[in-house]
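# A structural walkthrough
Residues per chain, in single letters:
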Amino acid sequence: MTHSLFDPDPYLQPIPKWEQAELTEFQIAQVVVNRPLDEPFDYLLPESLSPHLKAGMRVRIPFGRGDKLLIGYCVGIRHATSDDVHRRSRLKQVAEVLDTQPLMDEKMLELTRWIAERYLAGWGQVIEGVVPAGVKKNSGTRELTYYQLDEAHQQWTPEQLAKLPAKQRQLITILMQHDDWLTGVDLTSLADCGPGPIKTLLKKGWLTTQRQRQLKARDAQTYQRTPNLTLNPDQQRCLSSIVNAVHNRQHVTFLLHGATGSGKTEVYIQAIQAVTAVGKQAIVLVPEISLTPQTIRRFRSRFDEVAVLHSHLSDSERHHEWQRIFAGEVQVVVGARSAIFAPLPRLGLIIIDEEHETTFKQDSTPRYHARDVADRRAQVEQIPLVLGSATPSLEACYRAKHGHYQLLKMPKRIDGLILPRVDLVDTLNDPLINKHRHLIGRTMEQGIKHALEHDGQVILFFNLRGFTPVLWCPACREKLKCPHCDLSLTWHKDKGQLLCHTCNHATRPPEKCPYCHEGTLKHLGAGTQKLEEEVRSKFPAYRALRMDSDSMRQHGSHDEALELFRHGHVQILLGTQMISKGLDFPNVTFVGVIDTDSMLFQPDFRATERTFQLISQVAGRTGRSQKGGRVYVQTTSPDEPAIALAALHDFNGFVRQELIHRAEQMMPPSTSLARVICRGMDEHATLDYATLLAEALRKHLHLIVHDNELLPGEINPIRILGPCPPSIARMKQYFRFHLQITAPCVELIHRLWHASKADFPKPIGGIEHQIDIDAMSMR
Ligand code: ADP
Ligand code: ZN
């Protein structure tokens, strides 16, 4: 514990040296900090702090060579061993305990440790990411002063009281009648006085005070109760399996593969009722964009105590919900990805709806997948996990096929409704599209018209925001790119701006090409804004509404738009993925998929899977009443299996084929995939760095497999590809190179990583690397 007298760091605070007493009985606090470090650090726990510290609390500790004071999390406390006695003089000590109650219990600590190991992040980084900011900051709380009579002045005779002024007498009488502490507001209202008399009593030394944080009260909305629906035999069968596991305290992961409109939500709700009936609690995860008022109402109308955790909550709202959950007052938590960490004390069931959604994977440290965290949490708690989807991920299908998940099927829609007929419309020879650059071809136009004329509503899906995605110069043939990213700028006509969809860089469009200063820029391609314009001009008698992340920026606008559509004030709803899932509107009789090629031909091995899922999910928005529904899918590749099989609703056929294809490519789900991204401001230096990092990994490849050399001719089951530039080679000014590591299981990747670490190049010039275990994004 040395520090230079000349250390320029103004925050440096020297820590008093521990006296070298010959004590052998002392305690060690194990502390982690928000850094990418593997192991907790040992700190001496001073006797004065020992009664106040529990695992799961935050502490202030001197850290690093400068002994700068940092906030860390105490993850364990233990008695010193003989080894500790020897190094006692070298141990730093905990400077301060920052919490009065732990932020997480033992099980949650264990879960965060597992995440750190699984996703190769620092344990402290994981905890930092799990505890909401509002909780750490105590948002929405205020410190109140509470009053009671001082010990020496607790007993008053009537004679003594009679000598006091009326208000003071009243205050003392009230305090004598109350055993608990009272706030100033309590006292002034009970004694019907101002703050003056309280101050007087304080001055006389007759009162003691204590200050305590208290959450501000929040008013609760009431929801109308709705009765349970009578389940059909499929639903009943699935429910029984789940409820059995709940009652047997069994950890089973169910994959509930239910068609769109098969009534999965009703099964979730009745399963949760079985859980709350025995005093336990449940978590329901849904994708953020499915957290609509309808979804929330569905749960609030069945349960008394529902907490909703979504990204629009303010810090204090989130803190409030978190405290309610922590206190055990909540029956059901409904939320997006991070709600998997909701600190429910009596968890009995976890449900993940739309399990296939990629938003369940976090794309910043810790890069966890909520599905796998949920599986682990359910295993620790010995409770069932239900994964629901109409188009389960290949990962889930693979695990079901190999018996890790138990498959439950609900292939039929409610009320004998059938899945809609899906027609593929080959646009190769459509003159409107090819010659006149329309988005809606002839056949599609007729389909929409027919539906509208028969009082149906229409949903049009197009997965590209903005007006036109590319501006190019016919003179020099350059495309206009973001100055910070290797990406075309998208023209947003409504804002009059060119926008980068990665870093949000915004600029006005130049008059002339900025590269050759000669050509006038031309527009290429189209996005939802252009589609909106075309829809309005083609169907002027009907009202159209666009839903994408640009038009739905305001909180609540999403819900408003859906209400307009639900009540028929809008006939045509068009937009991006935002409109592709969950919506249950019986009057939608036509769904159009404008373009499949832009989805299918992405440089990502999951592009086919996503295309299949999107077509199936969008198609699932129609045919939800006796009016039926039709789906037209415009494509230039009607023979592509993902498209052809989606049109036939042949999920099993698609999965069978895609699993074989993936296995041939050595790609997930039969293998584990990790991606290493190196980034830096200097392109060559970054490439050099990535190359050295790849070399370090390759150097250890052979040692990992059998703990010794491979046999001659044996193929190493771990594969390292790269370094090479990803599809976005430059992002937010950083040049990027990535490596892909595939292996038969994630543990081999872990071993390779740990074995090679010491040989990684020293980061220079701000170059950094990140590893993404089970990477979902390849951009
Ligand atoms: P999914 O989530 O599988 O797409 P939903 O849960 O949205 O399906 O259900 C589709 C519709 O069917 C909803 O309007 C729902 O209220 C209704 N529904 C579900 N189960 C039943 C049932 N057993 N009897 C009648 N209607 C049901
Ligand atoms: Zn950019």
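## Considering the overall build of the chain
Within the chain, the secondary structure is distributed over 24 helices and 31 strands. Across its three principal directions, the C-alpha atoms of the chain cover 100 × 70 × 65 Å. Going through the 779 residues of the chain one by one, you find that 52% of them count as buried. Contacts in the chain between residues at least 24 apart in sequence constitute 75% of all its contacts with a sequence separation of at least 6. Summing over all exposed atoms, the chain offers an accessible surface of approximately 37,200 Å²; the carbon and sulfur share of this is 51%.

## Thoughts on the nonpolar core
Judged by nonpolar contacts, the single largest core of 76 residues is most densely connected at Ile115, Ile127, Val333, Phe341, Ile350, Leu697 and Ile741. For this core, the element with the most residues is helix α23 (residues 683-706), which contributes seven residues. With residues up to four places along the chain from it excluded, the contact list for Ile127 reads Val32, Tyr73, Val75, Met104, Leu109 and Thr112. One finds Leu573, Val591, Leu614 and Ala646 within the second-largest nonpolar core, a separate group that totals 38 residues.

## What about the sheet that holds strand β24 (residues 572-575)?
If you walk across this open sheet you meet the six strands as β16-β26-β25-β17-β24-β23, and the pairing is parallel. Of all strands in the sheet, those bounded by a partner on one side alone are β16 (421-426) and β23 (544-547). Strand-to-strand, the axes of this sheet are offset by a mean angle of 20°, without reference to chain direction. The sheet contact formed by strand β17 (residues 457-461) and strand β25 (residues 588-593) spans five bridges and is parallel. Across the sheet, the residue bridging to Val458 is Phe590, located in β25. Those strands touched by helix α17 (residues 528-538) are β17, β23 and β24, and its axis lies near 160° from that of β24. Along the sheet face, helix α20 (residues 607-619) touches β16, β17, β25 and β26 (630-635) and points at about 160° away from the line of β25.

## Some details on the coordination of the zinc ion (ligand 2)
Looking at the zinc ion (ligand 2), one finds its protein donor set to be Cys482 (SG), Cys485 (SG), Cys500 (SG) and Cys503 (SG), positioned 2.2 to 2.4 Å from the metal centre. Around the zinc ion (ligand 2), the four donor atoms are arranged such that angles at the metal cover 107 to 112°; this shape is classified as tetrahedral. Binding-site remark: the zinc ion (ligand 2) is held by donors from one chain whose sequence spacing is C-x2-C-x14-C-x2-C. Remark: Cys500 occurs in the loop between β20 (497-499) and β21 (506-507) and Cys482 occurs in the loop between β18 (470-472) and β19 (490-492); sequence separation between them is 18 residues. Each member of the pair, Cys482 as well as Cys500, is classed as buried.

## Some details on the environment of His404
The residue His404 is located in the loop between α14 (394-401) and β15 (406-410) in this model. Along the primary structure His404 and Leu164 are separated by 240 residues, whereas in three dimensions their C-alpha atoms are 77 Å apart. With residues near it in sequence (within four places) discarded, His404 still touches Thr253 and Arg399.

## Quick look at the sheet that holds β21
Ordered in space as β19-β20-β21, the three strands form an open sheet in which the pairing is antiparallel. Edge positions in the sheet fall to β19 and β21, since each has one partner strand and no second.

## Things to note about the packing of α20 against helix α22 (residues 651-664)
For the pair α20 and α22, interaxial distance at closest approach is 11 Å and the crossing angle is 170°. Put simply, α20 runs roughly antiparallel to α22. On the side of α20, the interface is formed by Thr608, Glu609 and Phe612, while α22 contributes Phe651, Phe654, Glu658 and Arg662. When its residues are assigned to classes, the contact of α20 with α22 shows three nonpolar, one polar and three charged.

## Some remarks on the side chain of Asp548
By the element assignment, Asp548 lies in the loop between β23 and α18 (557-566). Residue classification places Asp548 among the buried residues on the basis of a relative accessible area of 0%. Polar side-chain contacts of Asp548 include one of 2.8 Å to the side chain of Arg546. Setting aside its immediate chain neighbours within four residues, Asp548 contacts Arg465, Thr528, Thr576 and Met578.

## A short note on the site of ligand 1
For ligand 1, the set of nearby residues contains 17 residues, the closest of which are Thr230, Gln235, Gly261, Lys264 and Asp584. One of the side-chain N or O atoms of Gln235 is found 2.8 Å from a nitrogen atom in ligand 1. Contacts to ligand 1 include Thr265, whose side-chain N or O atom sits 3.2 Å from an oxygen atom. Against a free-state accessible area of 560 Å², the protein chains account for coverage of 76% of ligand 1. Examining the composition of the shell around ligand 1, we find that three residues originate from one element, helix α10 (residues 264-277), more than from any other. When the residues that make up the shell around ligand 1 are grouped by side-chain class, the tally is four nonpolar, eight polar and five charged.

What counts, and at which threshold
Throughout, residues of each chain are indexed from 1 in the direction in which the sequence is written. Here the convention is simple: chains get letters from A, ligands get numbers from 1, in the order in which they are written. Thresholds applied to this predicted model are a pLDDT of at least 70 for local features of residues and 80 or more for the giving and counting of side-chain atom pairs; totals over whole chains, interfaces and linings are not thresholded and use all residues. By convention in this description, side-chain values take in all heavy atoms of the structure and omit both hydrogens and water. The numbering of helices and of strands both runs from the N terminus, where a helix is a DSSP run of H or I of at least 4 residues and a strand a run of E of at least 2. Three labels apply to residues, based on accessible area from a 1.4 Å probe with only protein chains included: buried if under 20% of the type maximum, exposed if over 50%, partly exposed otherwise in between. Working rule for contacts: check all heavy atoms of both residues, and any pair within 4.5 Å makes them a contact. Residue burial considers only the protein chains on display, and all accessible areas are found by Shrake-Rupley using a 1.4 Å probe. Each nonpolar core is a collection of buried residues, namely Ala, Val, Leu, Ile, Met, Phe, Trp, Tyr and Cys, held together in the definition by side-chain atoms within 4.5 Å. Between any two strands, pairing holds if DSSP finds at least two bridges. Axis geometry follows a simple rule: fit a line to the C-alpha atoms, using only the stretch in contact for helices, then measure angles between N-to-C directions, giving values from 0 to 180 degrees. A 2.8 Å cut-off from the metal defines N, O and S donors, relaxed to 3.2 Å for Na, K and Ca; water is not in the atom list, so some sites may appear incomplete. For a four-donor site, all angles between 85 and 135 degrees give tetrahedral; for four or six donors, opposite pairs above 155 degrees with the remaining angles between 65 and 115 give square planar or octahedral; all remaining cases count as irregular. Roughly parallel here means an angle under 35 degrees, roughly antiparallel means over 145, roughly perpendicular means 65 to 115, and every remaining angle is called oblique. Ten residue types, Ala, Val, Leu, Ile, Met, Phe, Trp, Tyr, Cys and Pro, are classed as nonpolar, four, Asp, Glu, Lys and Arg, as charged, and the remainder, Gly among them, as polar. Pairs of N or O atoms within 3.5 Å make up the polar contacts considered here, provided that, within protein, one atom can donate a hydrogen while the other can accept it, and that residues adjacent in sequence are counted only when both atoms are side-chain atoms. Near is defined per residue: the residue qualifies when any heavy atom it owns lies within 4 Å of the molecule or strand.

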